[in-house]
Amino acid sequence: MKSDIIKHRNLIISAAIYAVYAVITLIGATHHELWFDEAQAWGIARDATLETLPEILKHEGHPALWYLILMPFAQSGAYCEIINIISWFFSVVAAGLFMWKAPFGLVFKTAMLFSSGFLFFNSVNARVYCLIPLLLFLIAIVYPKREKYAPVYGLLVGLLANTHIMMCGLVGILGIFMLIELYKNIKKNGLKKSGGQVVGLVIAGVLVIAMILPLLGSLSSNNMVQNKRVDIGNLLLSMVSTFKDIGINLMVEPDVLLYSLFGSVLGFVVIAVYIKLFCYKKAFIMGLFFLLMYSLTIEVIWFTTPLRAPVFVYTLVAIFWIAVADEQPRCVTIPTQKSSAAGKRLIPAVNKFFSSPQKTINILLCVILFSSTPAGAYWLIYDCGNDSVMTEAAGEFIKEELPENSVIITSSQTGIQFSVYSPQTRFYSLELQRFITYTPHEIAPDQIDYDKVAHDLMYEKDLYYLSYSKSLTVDLDDECLVFYNSTSIPSYAFAGAAAIYKVELSDILPTDKE
C-alpha cells in the first residue's frame, strides 16, 4: 500500500515537472527568432526538390533527414517560425520518453529536462539536434528487444545516421554489433529464423548508404571546410581537447577565467564517466567509437559550440541507458598485495571508485546535466526578452520597405537568412555571380566576373547592397544607408547585424566596367 502511494506521488511529481518543462520551452519557442543555420535549413527546405537536394547536401555537409521533415511545411507556404514548433515538438516527445521510460531516478530525469539542450539548444533553437535525443532514447528503449523488433531497431539506427555525421561513430559500432549478433544467431538458429535481423540490418545499411552518397566529396566542395587538415595526430589531440571543450560549452560565460576553469573541471567529470563506463564492456566500446567520430567531426572539421555540446552528453546518457538495460557491470579490482606503501593508500580509493558503477555514473551525469542548467536558463530568458538577432527585423524591413522587384546584392554568400522573412526578395551573390535563395557554401571562383555581374543586373531598377558591417567591399557613404542594426549575440548565432545600402550598378562594378 505504501509503495503504491509513493509510486502515485512520483507519477504526479513527474507529470508536474514535465508540464512545467513543456510550457516554458513552448513560450521560448514561440518567442524565438531564427538564427543563421535555422533560416538556412528553412530556405533549403523551401527551395530544394528531391532531385536537387543531394547536390545541395554535398555543399552543406549534413544528411537529408532534417530538410525532408521541413519540406512539407516550407513548400506549403507555412510561416518560417513554424520550425521552432517542430523542434519543440520533437524535444517534448523525447523528454516524455525519458521521463517515463528511462531506468533512472526522478532527480536524474529532472536534470535531463532542465539541462541546457532540452531547455533551449535542442528545443527552442530549431536545428537538427532536436532529432538526436529522440532517436537515441528510442534506440535505448528498443535495444533490450532489438532481436524481436529488429526492423524497427534497424530503422532507428539508420535514421540516427541521417541526423548528423557526428553520430556515425555510434551508428557504426551499433551496426558492427548487429552483424556479430546476426552471425551468432544464424549459426545457432539458421538463416530462416534470423530473417527479422537480416531485414533490420538491410534497412539500417540502406539508410546509411543514403546518408553517405550525397556527402561524398563534401570536404572538398564546402567553402568553409575545404582547407581543413585531417591526420592521426590532429585527431588524437582533438579527442583530448573534446572533454575540455564540452565542459566549457555547457557553461554560461560570466567571466572568462571562471568560465574556462569550471568548464575544464566539468571536462574532467566527463572523463570520469568514460572511465566508469569501462565497467560496461559494450557501452565503453560504443562511447569510444562515438568520441572518435565526434572529435573528427566537431573538433577537426568544424568546432564545438553550446548547441553541439549537449548532444555529446545525451549520447553518453543513452549509452549508459543501454548498458543498464543490457549489461551486468564488471567488477574492476586492483590487487594491493605487492604494491608500495603509496599504492596501498591509493589503490583502495581506485577500487572504491570502480565499485557501484551504476550509482557513480548516475551521480556524475547528474552533475554534468545540472551544471548546464544555468546556460540553458540564461539563453531561454535572454532569447525571450531581447531582439538581439534581428533576423526578423531586417527581413520585415526588406519585405515592407523595399520595392517589390528589388535585388539585394551581397559580396559573399551570406545574408540570405533574411529571405525566410521576405521570400519574394531576390538576392545576388557577387562571390558566385548568380542569384541565390540560401547560402550555398560553394567554393567561389578565384576572380569575380564583372561582365557577368553587369549582364545579370543591367535591367534591374532597384538595387541594394547588404553588408554585415560598415566596412564594405565597395565604396559607399552613409547617405546610401537605408537600414542598419547591430547585435551583440555570439558569432555562432550569426544572424542579424546588417547594413543595407541603396546603390546603382555603377557602385558595384569596377570603374572600367561602368
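Description of the structure in this document. Treat the numbers as computed from the prediction; the structure is a model and nothing was measured.

**Some details on the overall build of the protein chain**
- Assigned secondary structure in the protein chain consists of 22 helices and six strands.
- The proportion of buried residues among the 514 residues of the protein chain is 53%.
- Sequence-distant contacts, at least 24 apart, represent 74% of the contacts inside the protein chain between residues at least 6 apart.
- With the model as given, the accessible surface of the protein chain reaches about 23400 Å², and the carbon-plus-sulfur share is 64%.

**Let's talk about the environment of L476**
- With respect to the secondary-structure elements, L476 resides in the loop between β4 (463-467) and β5 (481-485).
- L476 sits in the buried class, given a relative accessible area of 16%.
- A sequence separation of 31 residues divides L476 from D507, and the C-alpha atoms of the two residues are 7.6 Å apart.
- Excluding anything up to four places from it in sequence, L476 contacts Y465, Y501, V503 and D507.

**What to know about the side chain of T425**
- Inspection of the secondary structure assignment puts T425 in the loop between β1 (407-410) and β2 (426-429).
- Classification of T425 by relative accessible area gives buried; the value is 9%.

**Considerations on the packing of helix α6 (residues 106-113) against helix α18 (residues 357-371)**
- Where α6 meets α18, the axes come as close as 8 Å, and the angle between the chain directions of the two elements is 30 degrees. Here α6 is positioned roughly parallel relative to α18, judged by the angle of their axes. In this structure, α6 meets α18 at a crossing whose hand is left-handed. Contact residues: α6 offers V107, F108, T110, A111 and M112, while α18 offers N362, L365, C366, L369 and F370.
- Taken together, the residues that form the contact of α6 with α18 break down as eight nonpolar, two polar and no charged.

**Examining the sheet that holds β4**
- Taking strand neighbours across the sheet as the criterion, the six strands line up as β3-β2-β1-β4-β6-β5 in an open arrangement whose pairing is mixed. With one partner strand each, in any of the chains shown, β3 (434-436) and β5 form the two edges of the open sheet. Going across the sheet, the axis of each strand differs from the next one's by a mean of 30 degrees, ignoring polarity.
- Where β1 lies against β4, four bridges are found, and the strand directions are parallel. Paired with I408 across the strands is Y464, a residue of β4.
- Relative to β5, helix α20 (residues 391-401) is tilted by about 160 degrees, and along the sheet it contacts β1, β2, β5 and β6 (498-503).
- Where helix α21 (residues 450-457) meets the sheet, its contacts fall on β1, β2, β3 and β4, and the angle it forms with β2 comes to roughly 165 degrees.

**Comments concerning the packing of aromatic side chains**
- A complete count under the given rule lists 33 aromatic pairs for this structure.
- Their ring planes at 70 degrees and their centres at 6.2 Å tell us that Y79 and Y421 sit as a pair that is edge-to-face. With Y79 in the loop between α4 (65-74) and α5 (82-101) and Y421 in the loop between β1 and β2, this pair connects stretches of sequence that are 342 residues apart.
- Given a relative accessible area of 40%, Y79 falls into the partly exposed group.
- Relative accessible area serves as the criterion here: at 1%, Y421 is assigned to the buried category.
- When the centroid spacing of 5.6 Å and the interplanar angle of 80 degrees are considered together, the rings of F243 and Y274 count as edge-to-face. Here F243 is found in helix α13 (residues 232-249), whereas its partner Y274 is found in helix α14 (residues 256-277), with 31 residues between them in sequence. For the pair formed by F243 and Y274, the shared burial category is buried.
- Through a chain of ring-to-ring contacts, the aromatic side chains of Y21, F98, F104, F108, F114, F118, F137, Y280, Y314, F320 and W321 assemble into a single cluster.

**Points about the pattern of salt bridges**
- Applying the stated criterion across every chain, the model contains eleven salt bridges.
- Here R146 makes a salt bridge to D326, at a shortest N to O gap of 3.3 Å. A residue pair is termed long-range when its members are at least 10 positions apart, and R146 in the loop between α8 (131-142) and α9 (150-161) and D326 in helix α16 (residues 309-326) qualify at 180 residues.
- Judged by relative accessible area, R146 falls into the buried class, the value being 13%.
- You can call D326 partly exposed: its relative accessible area is 30%.

**Regarding unusual backbone geometry**
- Although it is not a glycine, Q433 sits at a positive phi angle of roughly 55 degrees.
- Summarising the element assignment, Q433 is placed in the loop between β2 and β3.
- Q433 sits in the buried class, given a relative accessible area of 5%.
- Even without being glycine, H441 reaches a positive phi, approximately 55 degrees.
- The topology assignment puts H441 in the loop between β3 and α21.

**Considerations on the nonpolar core**
- Core analysis: the largest hydrophobic core is formed by 127 residues, its most contacted members being W66 and L170.
- The element best represented in this core is α16, accounting for 13 residues.
- In contact with L170, other than residues within four places in its own chain, are L136, L160, M286, F289, F290, T315 and I319.
- Y428, Y465, V503 and I508 belong to the second-largest nonpolar core, a separate cluster that totals 17 residues.

**Points about a nonpolar patch on the surface**
- A cluster of nonpolar residues, I176, I180, L288 and F289, forms a patch on the protein surface that exposes about 300 Å² of accessible area.
- Elements supplying a minimum of two residues to the nonpolar patch: α10 (168-189) and α15 (281-301).
- Tracing the chain through its elements places L288 in helix α15.
- Residue class for L288 comes out partly exposed when judged on its relative accessible area of 35%.

**Here's the deal with α18**
- With 15 residues, α18 ought to run about 21 Å at 1.5 Å a step, and its terminal C-alpha atoms sit 21 Å apart, in line with that.
- Here α18 has its buried residues at P357, T360, I361, N362, L364, L365, C366, I368 and L369.

Scoring rules and cut-offs
Just so you know, the residues in each chain are numbered from 1, in the order the chain's sequence is written. With pLDDT at 70 or above as the cut-off, local features in this predicted model cover only qualifying residues; side-chain atom pairs require 80 or more to be listed or tallied, and sums for whole chains, interfaces and linings still use all residues. Only hydrogens and water are set aside; all other atoms, that is, all heavy atoms of the structure, feed into the side-chain values. Secondary structure elements follow DSSP: runs of H or I no shorter than four residues count as helices, runs of E no shorter than two count as strands, and numbering proceeds from the N terminus. Type-normalised accessible area, obtained with a 1.4 Å probe on protein chains alone, sets the label of each residue: buried when under 20%, exposed when over 50%, and partly exposed for intermediate values. What makes two residues a contact is simply this: any of their non-hydrogen atoms within 4.5 Å. Residue exposure ignores everything except the shown protein chains as possible cover, and the areas themselves are Shrake-Rupley values with a 1.4 Å probe. Here an angle of 0 to 180 degrees is reported between the N-to-C directions of two axes, which are lines fitted to C-alpha atoms, with helices fitted over the stretch in contact. When describing relative orientation, an angle under 35 degrees is termed roughly parallel and one over 145 degrees roughly antiparallel, while 65 to 115 degrees is termed roughly perpendicular and anything else oblique. Two helices cross in a left-handed way if the nearer one is turned anticlockwise from the farther one by less than a right angle. They cross in a right-handed way if the turn is clockwise. Charged means Asp, Glu, Lys or Arg here, nonpolar means Ala, Val, Leu, Ile, Met, Phe, Trp, Tyr, Cys or Pro, and polar covers whatever is left, Gly included. Two strands qualify as a pair provided that DSSP identifies no fewer than 2 bridges between them. Centres within 6.5 Å make a pair out of two Phe, Tyr or Trp rings, where for Trp the six-membered ring is used; the pair is then stacked when the planes are under 30 degrees apart, edge-to-face when over 60, and tilted otherwise. Salt bridges are defined by distance alone: a side-chain nitrogen of Lys or Arg within 4 Å of a carboxyl oxygen of Asp or Glu. Residue types Ala, Val, Leu, Ile, Met, Phe, Trp, Tyr and Cys, when buried and joined through side-chain atoms within 4.5 Å, form a set referred to as a nonpolar core. Each patch is built from salt-bridge-free residues with over 30% relative accessible area, joining like charges within 9 Å and nonpolar side chains (Val, Leu, Ile, Met, Phe, Trp, Tyr) within 5 Å. Expected span of a helix: the number of residues minus one, times 1.5 Å.

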